[in-house]
Amino acid sequence: DVQLQASGGGLVQAGGSLRLSCAASGFTFDDYDIGWFRQAPGKEREGVVCFAASSGSTYYADSVKGRFTISRDNSKNTVYLQMNNLKPEDTAVYYCAAGNGRLITSELIRAGAYDTWGQGTQVTVSS
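This structure is a prediction, so every number in the text was calculated from the model and none was measured.

With that settled, consider the overall build of the chain. Within the chain, the regular secondary structure consists of zero helices and 11 strands. Here the C-alpha atoms of the chain give a radius of gyration of 13 Å, agreeing with the 14 Å that 2.2 N^0.38 yields for 127 residues. Projected onto the principal axes, the alpha-carbon positions of the chain cover approximately 40 × 30 × 25 Å. Residue burial in the chain is summarised as follows: out of 127 residues, 42% are buried. Pairs at least 24 apart in sequence give 60% of the contacts found in the chain among residues at least 6 apart. In the chain, which carries 11 positive and 12 negative side-chain charges, the distance between the mean positions of the two groups comes to 5 Å.

This part takes up the nonpolar core. One finds Leu4, Phe29, Trp36, Phe68, Leu81, Met83 and Tyr94 to be the most contacted residues of the largest nonpolar core, which totals 27 residues. Only β1 (3–7), β3 (18–25), β4 (34–39), β5 (46–51), β8 (78–83), β9 (92–98) and β11 (121–126) provide two or more residues apiece to this core. Core analysis: the second largest hydrophobic core is formed by eight residues, Cys50, Ala52, Leu103 and Ala113 among them.

Turning next to the side chain of Thr78. As for its position among the elements, Thr78 is in strand β8. We classify Thr78 as buried; its relative accessible area is 9%. Within the structure, the side chain of Thr78 is placed 2.8 Å from the backbone oxygen of Lys76, a separation counted as a polar contact. Excluding its chain neighbours within four sequence positions, the residues that come into contact with Thr78 are Ser21, Cys22, Ala23, Ser71, Arg72 and Asp73.

It is worth spelling out the environment of Gly42 at this point. Relative to the helices and strands, Gly42 resides in the loop between β4 and β5. In this structure Gly42 comes out as exposed when scored by relative accessible area, which is 87%. Spatially, the C-alpha atom of Gly42 lies 20 Å from that of Cys96, the residues being 54 residues apart in sequence.

By secondary structure assignment, the location of Lys87 is in the loop between β8 and β9. On the basis of relative accessible area, Lys87 is assigned to the partly exposed category, the value being 32%. The sequence separation of Lys87 and Ser17 amounts to 70 residues, and the corresponding C-alpha distance is 9.7 Å. Among residues more than four places away in sequence, those in contact with Lys87 are Arg67 and Val125.

Procedures and definitions
Residues numbered from 1 in each chain as written. Predicted model: local features only at pLDDT ≥ 70, side-chain atom pairs only at ≥ 80, totals over all residues. Heavy atoms only, no water. Helix = DSSP H or I, 4+ residues; strand = E, 2+ residues; numbered from the N terminus. Rg over C-alpha atoms; globule rule 2.2 N^0.38 Å. Buried < 20%, exposed > 50% of the residue type's maximum accessible area, 1.4 Å probe, protein only. Contact = heavy atoms within 4.5 Å. Lys, Arg positive; Asp, Glu negative; His and termini not counted. Charge placed at Lys NZ, Arg CZ, Asp CG, Glu CD. Core = buried A, V, L, I, M, F, W, Y, C linked by side-chain atoms within 4.5 Å. Polar contact = N/O pair within 3.5 Å; in protein donor to acceptor, adjacent residues only side chain to side chain.

Structure, rendered in C-alpha cells:
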C-alpha cells in the first residue's frame with residue numbers, strides 16, 4: 001500500500017517555527033517528487049515547496065522563500081518542511097504529496113500532478 005502520513009502541525013506565535021514531517025510507506029520517497037501544499041479556508045490549494053526528483057530542482061513560493069526549506073531522512077523514508085519566522089498568513093492545512101519521479105519543474109505546483117497525498121496537518125499562526 002502506498003501512503004503518506006503528515007504530522008507536526010500545531011499552534012505557534014508569529015515569528016516561531018515548526019517542522020512538519022511526511023512519512024512514506026509502500027514506496028521509497030527518495031525516488032519521487034515531493035510537494036508541500038497548503039490550503040487556507042476559502043482559498044485554493046497552493047504549492048509551497050516542491051522538489052523534482054528527475055532534475056533536482058526545488059520550487060519555493062515567493063511568500064515562503066527564505067523561510068521554508070525541505071529536507072529528508074532517507075533512513076526513515078521521511079521528508080520534512082522546516083518553517084521559520086511563521087506569519088499569520090501561513091495559517092492553513094498543510095499537505096504533503098508524492099509525484100511519479102518524472103515531473104518537470106513547471107508541473108510541480110499543480111496539485112493534480114501528484115499521485116499520492118497525505119491527510120494534511122493544521123498549522124495555525126497567531127499574531
